[in-house]
Structure formats: structure tokens, C-alpha cells
Amino acid sequence: MKLNFLIFVSLLQVGMAVGQDQVLKPTVDQAVYFDVSPPLRDMVKSLPQKADRTWKDGIVKNYFFNAPEQGAKNGPEPVADPGLQVFDGARLSDTTILNFEGVGNVNGLNPPDTDGDAGPDYYFQTINASYAIFNKAGVKIFGPFSNSSVWNGMPNNSNDGDAVVLYDEIADRWLFSQFSFPNYPNGPYFQMIAVSQTPDPTGAWYRWQFEFAVFNDYPKFGIWPDGYYMTCNHINQVGGPFSGNGAYAFDRDAMLAGDPGAQRISFTLPYGAPGFLTMLPSDCDGPFPPMGTPNYFAYIKTIGTQHFGIYEFHADWINPANATFGNKITLPVNSFSTFSGTGIAQKGTPGRLDPISDRLMNRLQYRKFNGYSAMVVNHTVKTTSNVAGIRWYELRNTGSGWSVYQQSTYAPSDNLSRWMASMAMDSAGSIALGF
């Protein structure tokens, strides 16, 4: 077998043509606001508060209260999946090194928007619109506080969530970001970005605020040698319909140096034309690829001819107008089915939960090995009338382009749904899947 695979359950949790007739041109700008914070541990610490994000029900429905009763059919029967894994993997004895209670849903928001990352000395976790910092002994040393407290004192700073935290292991620094729409439901909208000055996330941070004319929903980030890359879904107005996909690069070197003029390179794909909803940028773990390697933006096409798609984003910080986004490739994948109109059954209630099976799940992890590069990622699929499973992929590039090295759907035949997953691969090539 190709796979050394570990399953665990988290309780917390252009120059280039994009299509045959579409060429994207970059937009280049800078933050509308920059400053340097005092040490985070010395700032005013905003405590978590209950928040109302019912606006998001128009985008991610979260609940389907009018869905059929539990046990009823949820759309058509799924297609045959040649990679379906209906048995549990080998169960190993418990080797958990550390297990501790993280941040709960202190804001009372749905969906949970769980995210976190670990460095050598700290674990930084964000849930909904709040965060906390733990040491590696599992002791909570800071928080939970509102995400927006990281940007206290900045204008247009609204605690609206969808936060992402990443540890930049090459620089030994932290990246923290969330969107803000202080003029709800109207624009302009903002992405708040902070980069720690030191390896200590409770210390001082460089802080930027980038403006968007359309709502920048569902932001996701990836760390790359030449930039911090971001994707988001464009919506003309909060709660409105999708209008496009955004692809962004932020100058990593400039941000690590605390440059107020750190540039942003932007591309926009019109919604509907590419045939997918959401992209993810690749996020590198371990040694970086050679400088000049493009960041890979991936998507899964769920309607029509199903496939895995990859774009290349080449940033050019010397002449940003020469940046390109394109060189798209499509890779065939095993057939799968998605949920449509209804969701995942819950015990004791007819209400169902939205699996958002129309997109890849964060992260798209990249790792460089001797002789090849690999990426791992997953998405939620429907395996029986009412049950969700996890379709996962390992992609490899030996120098002649990307291909699907292995793929499968993890769905043991116990009638339990598995979803909202995330994947990672370590330096030995072992894969972990949490859900």
C-alpha cells in the first residue's frame, strides 16, 4: 500500500490564460492603515461576547430545519466510489503526548470556524471570534480574548471572525488575520493582518489593514517563500450572492520587516466562469521550495465533469505588474456525490447541519521531499443517503507536473458522518486526518 495513514478525531474541533479565452491582470496596492502594537500582553484585552452572524445563513446555511426527518433520503443515491474505505484503519494504542481543553464556542456563533497552529513553544487557537494562547505543556497562558483585541486602536476594527492563524516556521513568527466589516451590510470591507515581531505571540505585532470593495468572505492563508497568499470568496454585499473568487499575495519579506508599504497583488476570477466556488492557497510545512516556485491554488469541481484543479500564482515584487495567475491544470478524480439542499442528520432532531461539500477543506498543505513535492487536502462527500465521508487526496509532482498519487474516501460502515476535516503530512510522509 502507498499509505501510512493515521486517523484521529478532534473534539474541538496574468499574464497566463485562466481559461482558453480569459487572461487576468494583477492589481497592486498597499494597506490603508499600518502601525506597531504594544506587546499583546500589555494591551487592553477585549473579553469574548455573544455575537450575531445570522447574515451568514445566506452563505453557509448552517442548519436545515425544513430538511426531511432523520432516516429519510437526502437527495439521489450516491455514485459508485471506487476508493471507498468502509472499514476502520488499524487501531493503535493511545500515544497522545498531550491532551488539553481548548477554547469553546465562547461567542455563541455557528459555524465554529475552528483554526489553530503550533510552534515550538506555543499553540495559538482561534474559535469563531476569539483566541487563546497555550504553552506546550497545555497550560493556557493568554485568553480567551476577542480577535479584534489584537488590532486595538486601529480604525475599522470590527470583531467579525473567520480568523486564521499560521506559524511561519522558517521565520519563527506568527501570522494572524480576520476580516472586518464595520459598515455592515455595506462596504468598504477590510482584512486585518498581524505579524508578530518575535517568536513570542504575546509580544508586539506589526499590523496592517487592507481594504476590499466587495465582501471578502471565507479568507484562507498559506505561507510561501515569497509571500503570504490568501484566497477569499467575493460577495457584492454581506449576505448577498457570490460574485467571484479572489487570489492575493502579500509581500512576506516586507511584512516580516514591518514595512508600512508592504504590497498586495490581487487577481479576481469571475464567479461561475471557472466552474467552482472556493480555492485554497498552498501552505508550506518544512523546507521551502526554491525561490520562484509558484504558489499553488487548488479547487474541487463538484458539478458537471468532476475534477481537481490547480492554478499557479507567480508574484513579482520587483515589478508587481508582471505577476501572473493561471497555467491551470485539471486532474481527473474518482467520482463522488455531494449534499444538495439538505445536510447531515443529527440525533434527536430533524434539523440538519450544512457540510459545505462544495469546496476543499482547509488546509492545502505542501511539503517538499527528496525527488518530489506533495500536497494533501480533503473535502466532504455523501457516501449513503444520509451519511458524510471524507474524500482525501495526496498529489505529487516529481518535476513534470502535478498528478493524483493516491485518493480514497474514509467512511467506515457504521452510519456515522465524518466531516469538517483537515489533513497534514509529516516529514516521514505519514498522513494524519482529523475531523
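Scroll up to find the structure.
Residues numbered from 1 in each chain as written. Predicted model: local features only at pLDDT ≥ 70, side-chain atom pairs only at ≥ 80, totals over all residues. Heavy atoms only, no water.

## Focus: the sheet that holds strand E7 (residues 122–127)
If you trace the four strands from one edge of the open sheet to the other, you get E6-E7-E8-E9, paired in antiparallel fashion. Looking at the sheet topology across the chains shown, the edges are occupied by strand E6 (114–118) and strand E9 (140–146). Adjacent strand axes in the sheet meet at a mean angle of 10° when their direction is disregarded. Sheet topology note: the E7/strand E8 (residues 130–135) ladder contains six bridges and is antiparallel. (Pairing = 2+ DSSP bridges. Helix = DSSP H or I, 4+ residues; strand = E, 2+ residues; numbered from the N terminus. Axes fitted to C-alpha atoms, helices over the stretch in contact; angles between N-to-C directions.)

## What about the packing of aromatic side chains?
One pass over the full model with this rule turns up 42 aromatic pairs. A centroid spacing of 6.2 Å and a plane angle of 75° characterise the contact between Phe100 and Tyr123, whose relative ring orientation is edge-to-face. Of the two residues, Phe100 sits in the loop between strand E5 (84–85) and E6 while Tyr123 sits in strand E7, which places them 23 residues apart along the sequence. By relative accessible area, which is 26% here, Phe100 ends up partly exposed. (Phe/Tyr/Trp six-rings, centres within 6.5 Å; stacked < 30°, edge-to-face > 60°. Buried < 20%, exposed > 50% of the residue type's maximum accessible area, 1.4 Å probe, protein only.)

## Focus: the nonpolar core
If you look at the biggest cluster of nonpolar residues, it comprises 67 residues, and the most contacted ones within it are Phe250, Met255, Met279, Phe308, Phe313 and Phe325. Beyond its immediate stretch of four places on either side in the chain, Phe308 contacts Ala298, Tyr299, Ile300, Ile329, Thr330, Leu331, Val333, Leu360, Val377, Tyr393 and Leu395. Residues Tyr122, Met154, Val165 and Ala194 belong to the second largest nonpolar core, which totals 20 residues. (Core = buried A, V, L, I, M, F, W, Y, C linked by side-chain atoms within 4.5 Å. Contact = heavy atoms within 4.5 Å.)

## A word on a nonpolar patch on the surface
Taken together, Leu84, Val86 and Phe87 make up a surface patch of nonpolar side chains, about 270 Å² in accessible area. Residue position: Leu84 is located in strand E5. (Patch = residues over 30% accessible without salt bridge, like charges linked within 9 Å, V, L, I, M, F, W, Y side chains within 5 Å. Areas by Shrake-Rupley, 256 points an atom, 1.4 Å probe, with all protein chains shown as cover. Salt bridge = Lys/Arg side-chain N within 4 Å of Asp/Glu carboxyl O.)

## Considering the sheet that holds strand E16 (residues 242–251)
Taken in spatial order, the five strands make up an open sheet running E2-E17-E16-E15-E14, and their pairing is antiparallel. A strand with exactly one partner marks an edge of an open sheet, and here the two such strands are strand E2 (27–30) and strand E14 (215–224). Put simply, the sheet's adjacent strands are angled 25° from each other on average, direction ignored. Relative to strand E17 (residues 263–270), E16 runs antiparallel, the two sharing seven bridges. Counterpart to Gly244 in the pairing with E17 is Pro270.

## Quick notes on the pattern of salt bridges
One pass over the full model with this rule turns up 10 salt bridges. Across the pair Arg207 and Asp35 runs a salt bridge, and its minimum N-O distance is 2.7 Å. A residue pair is termed long-range when its members are at least 10 positions apart, and Arg207 in strand E13 (residues 205–212) and Asp35 in strand E3 (residues 33–36) qualify at 172 residues. A single burial state applies to Arg207 and to Asp35, both of which are buried. We note a salt bridge from Arg41 to Asp200, for which the minimum N-O separation is 3.2 Å. Residue Arg41 is located in the loop between E3 and strand E4 (63–64), and its partner Asp200 is located in the loop between strand E12 (189–196) and E13; the two are separated by 159 residues in the primary sequence. Classification of Arg41 as partly exposed rests on a relative accessible area of 41%.

## What about the environment of Val164?
Looking at the element boundaries, Val164 is found in strand E10 (residues 164–168). Between the C-alpha atoms of Val164 and Gly116, which are 48 residues apart in sequence, the distance is 7.3 Å. Ignoring anything within four residues of it in the chain, the contact list for Val164 reads Asp115, Leu175, Phe176, Ser177, Pro219, Lys220 and Phe221.

## A word on the pairing of strand E15 (residues 227–235)
For E15, a buried count of nine out of nine residues is recorded, marking the element as mostly surrounded by other parts of the structure. Judged by which residues are buried, E15 turns out to be covered on both faces: Gly227, Tyr229, Thr231, Asn233 and Ile235 on one side and Tyr228, Met230, Cys232 and His234 on the other are all buried. The pairing of E14 with E15 spans eight bridges and is antiparallel. Within E15, the position partnered with Lys220 by the bridge is Thr231. The loop that links E14 with its antiparallel partner E15 comprises two residues. In terms of strand pairing, E15 meets E16 through nine bridges, oriented antiparallel. Its bridge partner being in E16, Tyr229 is matched across the sheet by Ala249. Two successive antiparallel strands, E15 and E16, enclose a turn made up of six residues, where Gly239 displays a positive phi of approximately 85°.

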